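# Analysis of the macromolecular model
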Amino acid sequence: MTRPSATLLAACAALACASPARARKLDPLLGTVDTLSSPAAPGSGEPHLSRSREGQVWMSWIEPRAGGGNALEVARLTDQTWGAPLTVAAGDSFIVNWADRPSVVALGGGRLAAHWLVKAGPGPESSRILMAFSNDEGRTWGKPTRPHRDSDPVQHGFVSMIPEMDGVRAIWLDGRNFVNWVPPKDPDSEEEAHKPGPDMTMRTALVHADGSLTDEFELDGRVCDCCPTAAVLLTHGLLIAYRDRGPEEERDIALIQRMDAKWSGSYPLHADGWKIAGCPVNGPALDAAPENVAAAWYTEAGDTIRVLAAISDDLGGSFGAPVRVDEGSAIGRVDVSLLEDGSALVLWLETKGSRAQILARRVARDGSRSPPVKIADTDPWRTSGVPRMLREGKRMIFVWTEAGYPSHLRVAAARLGAR
C-alpha cells in the first residue's frame, strides 16, 4: 500500500479550526422546510437515503411486522410522493439498532444492493451481515450472502457500500479477533492489566451480484468498536472515513483512499487529539462531487463538545481547516452534503432544553458559515436515531425518526437557492 507523504500528514495535523467570526456570513440557501408523506408504518426507524446515478431517490428502513419480527423495506420517491413499500427481507432474527443501521444502495439501471444485520449467537453484540441484490427496482431479491466468510458469534456491522463492477465494495467493522480472546482472570492484577486485549478491525470485500467475494482484506487492525463508517465514490476510486483507535486511546477520524486500484494507508482527517477509553458511537459523514469532498464529524477533544466540517479540493488527500458547526451543545450524529457552489450543508443534533433539534448549516472552506436552520424538533436520546439527508437536484430531502410509542419516520424537503 502507498501512504500519504509525511509533509501531507504534518499539514493535516497542523490545521486549526477556522474562526467563523472573521469570515463572511453565508446565506443558508434553504427555503421553507416542508413535510412530505412517509411510506413507513408506525414503529419504523433506522432510515437510509440513496440516490442512483440517474437521480432516483430511494429510502430504506426497518419496520415491525404485525405477526412479530421485523422487515427491511424500501421505497422510491417521485416528486412529492413515495411508491409502495417493497420488502427486501423479513424475519425474527433481525438486529434493530439505532446506530448500526441497514441500508439499500441504488446502483443504477434499476439495480439495488441491500445489507442488514441478523443475530449470530447468544452474545448481545453477536451479529452477522447479510446482503442481497435486486435487478428489478426492488420487486424481487436474490439469495442473501455474507461479505465476511467467518460465521463467528462476534460483532460484524457498521457497513458502508459503494458501487463497484457488477456489485458493491463493502466496508465494515469486524470483531473476529475476539473469538479466541480469554478475559483476564484477575483484572486487578498489574501484570494482566497490561496484556493487550482483542481489537476491532475494519475489513473490506468486493461483493459480486452472484454472491461471490473477491479482493478481501483488512483495512485497519485497530479501530473504534462501534462508530459508523462512511465511504464515497471518487473520480478514480473511493474514500473511506472512520473513527480510528490509537495506542493511547486517541479516537480521531481517519481516512483511507483508493485511487486507480491502489490503496493508501490510514491517515488523519484532522488531529483532534480526542482521548476516550470507550466508543462514543458517533461516526463521520462524507459526500463527494467531481473534484471536492466534504467531511463532518463529532469530537470532544480538549473537553469541548464540537461538530466540525472540512472541505477537500484534492479528492480527500488533504482538507482545509475544520470549521465549527454546532451551537455549543451538540449531540452529533452528523450528515453532510456538497452543494453546487462547492460549499457543504451539515446536518446534526443539538440539545435544546430538555429536548433536541435537528439543525442544518451551510459551511465553506474559508470558514464562512450560514445561520443554522431548524429542520425539526426531536428527542435527545438514542430512540431518535440518526437523521439523514440527500440532495436531489434543487432540493434537499431530510428523514428522521420521531421517537414515541410507536415511533414514526418523518420526511421533509427544502428548496435550494431560496432566499
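Keep in mind that this is a model prediction, so the values were computed, not measured.

The rules behind the values
- Residues numbered from 1 in each chain as written.
- Predicted model: local features only at pLDDT ≥ 70, side-chain atom pairs only at ≥ 80, totals over all residues.
- Heavy atoms only, no water.
- Pairing = 2+ DSSP bridges.
- Helix = DSSP H or I, 4+ residues; strand = E, 2+ residues; numbered from the N terminus.
- Axes fitted to C-alpha atoms, helices over the stretch in contact; angles between N-to-C directions.
- Buried < 20%, exposed > 50% of the residue type's maximum accessible area, 1.4 Å probe, protein only.
- Polar contact = N/O pair within 3.5 Å; in protein donor to acceptor, adjacent residues only side chain to side chain.
- Salt bridge = Lys/Arg side-chain N within 4 Å of Asp/Glu carboxyl O.
- pLDDT = per-residue confidence, 0-100.
- Contact = heavy atoms within 4.5 Å.

## Structural notes on the sheet that holds strand 1 (residues 30–36)
Judged by pairing direction, the sheet is antiparallel, and its 4 strands sit side by side in the order 1-29-28-27 without closing on themselves. Since the sheet does not close on itself, it has two edges, and those belong to strand 1 and strand 27 (388–392), each with one partner. Looking at each pair of strands side by side, their axes are set apart by 25 degrees on average, direction ignored. One ladder, built from 5 bridges, connects strand 27 with strand 28 (residues 395–402); its direction is antiparallel.

## So, the side chain of E392
Relative to the helices and strands, E392 is located in strand 27. Using a relative accessible area of 19% as the deciding quantity, one classes E392 as buried. There is a polar contact of 2.5 Å between the side chain of E392 and the side chain of R395.

## Notes on the pattern of salt bridges
Where charged atoms from two side chains of opposite charge come close, those side chains can pair. As enumerated under the stated definition, the model contains 26 salt bridges in all. Between R169 and D215 there is a salt bridge, and its shortest N-O distance comes to 2.6 Å. Here D215 lies in strand 13 (residues 213–223) and R169 lies in strand 11 (residues 167–174), a separation of 46 residues in the sequence. Note on D215: relative accessible area 36%, which makes it partly exposed. A salt bridge links R361 to E327, with the nearest nitrogen and oxygen atoms 2.9 Å apart. Of this pair, R361 sits in strand 25 (residues 355–363) while E327 is found in the loop between strand 22 (323–324) and strand 23 (330–338), placing the two residues 34 residues apart along the sequence. Owing to a relative accessible area of 47%, E327 belongs among the partly exposed residues under this scheme. Among the charged side chains, a network of salt bridges with common partners joins D199, R222, D225, R245, E249 and R251.

## Comments concerning the environment of A289
With respect to the helices and strands, the residue A289 is situated in the loop between strand 19 (285–288) and strand 20 (293–299). Assessed through its relative accessible area of 32%, A289 is described here as partly exposed. Each C-alpha atom of the pair A289 and D313 lies 9.7 Å from the other, and the pair is 24 residues apart in sequence.

## A look at the confidence of the model for the protein
With 89% of its residues at a pLDDT of 70 or more, the protein shows a mean pLDDT of 91. A low-confidence stretch, residues 18–22 (pLDDT under 50), is modelled with 7 contacts involving residues beyond four sequence positions or located in other chains.

## Describing unusual backbone geometry
One can expect most non-glycine residues to show negative phi and most peptide bonds to be in trans. Residue P406 follows Y405 across a cis peptide bond; omega there is 10 degrees. Checked against the element boundaries, P406 lands in the loop between strand 28 and strand 29 (408–416). Backbone geometry at E249 places phi at a positive 65 degrees, although glycine is not the residue there. Of note, E249 is situated in the loop between strand 15 (237–243) and strand 16 (253–259). Residue classification places E249 among the partly exposed residues on the basis of a relative accessible area of 21%. The backbone of D303 shows a phi angle near 60 degrees, a positive value even though the residue is not glycine. Inspection of the secondary structure assignment puts D303 in the loop between strand 20 and strand 21 (306–312). Residue D303 is classed as exposed on the basis of its relative accessible area, which comes to 78%.

## A short note on the pairing of strand 23
On any regular strand, side chains alternate: one points to one face of the sheet, the next to the other face. Burial runs high along strand 23: 9 of the 9 residues are buried. Across the two faces of strand 23 the burial is the same, with A330, G332, V334, V336 and L338 and I331, R333, D335 and S337 all buried.

## Regarding the pairing of strand 12 (residues 200–207)
Extensive coverage of strand 12 is indicated by the burial of 8 of its 8 residues. The alternating pattern of strand 12 places M200, M202, T204 and L206 on one face and T201, R203, A205 and V207 on the opposite face, and all of these are buried. For strand 11 and strand 12, the ladder comprises 7 bridges, and the chain directions are antiparallel. Looking at the pairing, D174 lines up with T201 of strand 12. Taken together, strand 12 and the strand that follows it, strand 13, pair antiparallel across an intervening segment of 5 residues, in which G211 is found at a positive phi of about 90 degrees.

## Brief notes about the sheet that holds strand 26 (residues 373–378)
Judged by pairing direction, the sheet is antiparallel, and its 4 strands sit side by side in the order 23-24-25-26 without closing on themselves. The open sheet is flanked by strand 23 and strand 26, the only strands paired with a single partner. Here the average twist between neighbouring strands, direction ignored, is 20 degrees.

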